[in-house]
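Survey of secondary and tertiary structure
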Amino acid sequence: MSPSKPAAQGALRRQQDKAEELIAPLGPARLFSFVLACAVFATLCVWGGRSTGAFQALEMVLHDRLITLIAPAPAPPPIALVTVDEQDLRRFGWPLQDGILAEALARLEAAGALVIGVDLYRDLPVPPGSARFERLLVEHPNIYWVYHFSHGERDPGVAPPPVLADTPRIGFNDITPDPGGVVRRALLYQDDGERVGTAFSLRLAQALLAHEGILPVPGHDGHMRLGAAELVPLEADFGPYVGLDARGYQILLDYRTQSPLPSLSLAQLLDGPFDPGVLRGKVVLLGSTAVSGGDLFYTPFSWSHADYPRHIHGVKLHARITDQIVRMARGETPPITSVEFHWQCLWCLVWALFGGLIGVRFVGLHGALLATLGMAGPVLLAWVALTQGVWLPLLPPMLVVGLAFLFSSTLTVQRLRRQRDYLEQARGE
């Protein structure tokens with residue numbers, strides 16, 4: 001039975017409408033809807049992968065590279081070092097005797113050091129000179145010492161000098177490297193459920209700032225405010241981190257302040273002569289830089305600069321953290337913050353729209369080249385934001401540009417092929 005004439009006409013009209021829809025160019029509304037769908041899908045794919053932590057290691061590396069491209073702070077740091085190197089070990093032995101440490105402390109006091117921090121363990125006396133050593137610690141309240149925080153039987157810790165135990169002049173020197181060994185965070189407080197420990201670097205910074213009338217006060221949500229800076233602790237998903245162990249009170253290290261630190265060796269300090277201006281009015285840290293002593297850490301500069309040492313010694317790392325806290329409290333450098341999650345998503349969606357639009361307008365090699373060049377946009381803007389103390393996602397927007405371009409260009413090519421096939425079929429008829 002043949003179809004009725006009205007039914008045949010209806011089928012023909014529907015076929016004509018479908019053909020016109022197929023070969024007609026996309027209008028502005030349909031074009032935007034198409035690009036938006038590609039952008040949203042690309043963003044969901046990238047953020048889904050990021051939420052699993054799959055991109056964290058690469059994001060960290062990119063963050064390190066941006067840090068190394070920022071010029072160091074021009075102002076001289078209020079920090080100086082007295083280092084115990086290999087030559088000092090051969091001359092004075094190890095561990096250093098209490099008498100040698102006492103003489104070093106006396107010379108630092110005579111040179112006008114404002115605050116003295118010693119990054120050497122001294123839980124037990126090392127005679128001779130122990131009586132003078134203990135007397136100096138009692139008589140000079142500007143001397144601070146390190147200890148290693150106890151974490152129970154698995155890590156019993158190392159106690160401070162007995163004469164300083166239970167005083168506010170001790171600080172833990174625990175460091176928290178990220179996976180891969182690079183140190184990007186500073187631990188300011190930690191506790192074991194009974195005791196609360198304060199970081200060595202924070203003790204030194206607070207001691208210096210107290211001379212300037214800057215004291216810690218409560219900030220928003222119980223955070224600590226120190227001068228011009230509110231030290232907001234890291235959360236588990238801060239910046240590039242996914243599922244970070246954020247216990248304690250941690251802040252992101254700011255390697256933008258990499259000005260050289262003036263230093264003397266222990267032998268130079270004890271033998272003289274030296275310029276006391278190197279030490280006067282500063283926080284002076286005394287610690288080991290001997291390779292045989294270990295206490296070495298990686299930084300974002302470890303693989304980026306040929307003239308920068310592969311490792312940084314613990315005493316230098318504590319000095320950097322102290323310098324960072326002082327600079328933030330003085331308002332010289334802002335703490336590094338991160339934008340909220342919904343703004344991060346919007347940031348990525350904007351770049352996904354950019355990639356999707358390129359895929360619609362430029363098909364083929366030209367489009368791929370433009371999309372690749374477009375990935376430089378997030379890099380440049382993330383670098384500018386980081387110079388102002390704001391962390392912006394870098395890897396996700398780069399990925400969504402490429403992924404949205406891939407989606408939109410692939411669908412556009414398929415649409416063009418269907419148009420071509422239809423036109424060829426129409427000519428054949």
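Look up a bit, the structure's there.
Thresholds, definitions, all that
- Residues numbered from 1 in each chain as written.
- Predicted model: local features only at pLDDT ≥ 70, side-chain atom pairs only at ≥ 80, totals over all residues.
- Heavy atoms only, no water.
- Pairing = 2+ DSSP bridges.
- Helix = DSSP H or I, 4+ residues; strand = E, 2+ residues; numbered from the N terminus.
- Axes fitted to C-alpha atoms, helices over the stretch in contact; angles between N-to-C directions.
- Salt bridge = Lys/Arg side-chain N within 4 Å of Asp/Glu carboxyl O.
- Buried < 20%, exposed > 50% of the residue type's maximum accessible area, 1.4 Å probe, protein only.
- Core = buried A, V, L, I, M, F, W, Y, C linked by side-chain atoms within 4.5 Å.
- Contact = heavy atoms within 4.5 Å.
- Phe/Tyr/Trp six-rings, centres within 6.5 Å; stacked < 30°, edge-to-face > 60°.
- Lys NZ or Arg CZ within 6 Å of the ring centre and 35° of its normal.
- Disulfide = S-S within 2.5 Å.

Here we take up the sheet that holds strand β2 (residues 115-119). Spatially, six strands are ordered β4-β3-β2-β12-β1-β11 in an open sheet, and the strand pairing comes out parallel. The two strands at the open ends of the sheet, each matched to only one other strand, are β4 (170-172) and β11 (263-265). In this sheet, adjacent strand axes meet at a mean angle of 20° when their direction is disregarded. Note that strand β1 (residues 79-84) and strand β12 (residues 283-288) share six bridges and pair parallel. Each bridged residue has a counterpart across the sheet, and for Thr83 the counterpart in β12 is Gly287.

So, about the pattern of salt bridges. Enumeration over the complete set of coordinates arrives at 15 salt bridges. With a closest N to O distance of 2.6 Å, Asp271 and Arg91 form a salt bridge. With a gap of 180 residues between them, Asp271 in helix α8 (residues 266-271) and Arg91 in helix α4 (residues 86-92) connect regions that are remote in the sequence. We classify Arg91 as partly exposed; its relative accessible area is 47%. In this structure, Asp245 and Arg247 form a salt bridge, with 2.7 Å as the shortest nitrogen-oxygen distance. Accessibility expressed as a relative area gives 41% for Asp245, which makes it partly exposed. For Arg247, a relative accessible area of 65% corresponds to the exposed category.

Here the focus is the nonpolar core. Judged by nonpolar contacts, the single largest core of 108 residues is most densely connected at Leu105, Trp145, Leu279 and Leu285. Setting aside residues no more than four positions away along its own chain, Leu105 makes contact with Ile116, Val118, Phe133, Leu136, Leu137, Ile143 and Trp145. One finds Leu31, Val35, Cys38 and Val360 within the second-largest nonpolar core, a separate group that totals five residues.

What follows deals with the environment of Phe354. Looking at where Phe354 falls in the secondary structure, it is placed in helix α10 (residues 341-361). The partly exposed category is assigned to Phe354, whose relative accessible area is 33%. Separated by 318 residues in the primary sequence, Phe354 and Leu36 place their C-alpha atoms 9.8 Å from one another. The contact partners of Phe354, leaving out residues within four places of it in the chain, are Gly374 and Val401.

The next subject is the environment of Pro125. Secondary-structure assignment places Pro125 in the loop between β2 and α6 (130-139). Taking the C-alpha atoms as reference points, Pro125 and Gln97, separated by 28 residues in sequence, lie 8.3 Å from one another.

The sheet built from three strands is open, its strands ordered β6-β5-β10 with antiparallel pairing. Every other strand in the sheet has two partners, leaving β6 (196-198) and β10 (249-252) as the edge strands with one partner each. Shown here is a sheet whose adjacent strand axes are inclined to one another by a mean of 20°, direction ignored. One ladder, built from four bridges, connects strand β5 (residues 185-191) with β10; its direction is antiparallel.

All chains considered together, the criterion is met by eight aromatic pairs. With 5.8 Å between their ring centres and 85° between their planes, Trp351 and Phe354 make a pair best called edge-to-face. Here Phe354 and Trp351 lie together in helix α10, a separation of three residues that amounts to about one turn. With a relative accessible area of 13%, Trp351 lands in the buried category. Every member of this aromatic cluster is reached through a ring pair, and the members are Trp347, Trp351 and Phe354. The ring of Phe149 has Arg195 sitting right over it, with the charged end atom 4.7 Å from the ring centre.

Moving on, we get to the state of the cysteines. Tallied over the entire structure, the rule returns zero disulfides. For Cys348, which is in no disulfide, the shortest distance to another cysteine sulfur is to Cys345 and amounts to 6.9 Å. Here Cys348 falls in the buried class, since its relative accessible area comes to 0%.

Next up on the list: the pairing of strand β3 (residues 143-147). In terms of burial, β3 is largely enclosed, as five of its five residues are buried. Side chains Ile143, Trp145 and Tyr147 project from β3 onto one buried face, and the interleaved Tyr144 and Val146 project onto a second face that is buried too. The pairing of β2 with β3 spans three bridges and is classified as parallel. What sits directly across from Ile116, in β3, is Ile143.

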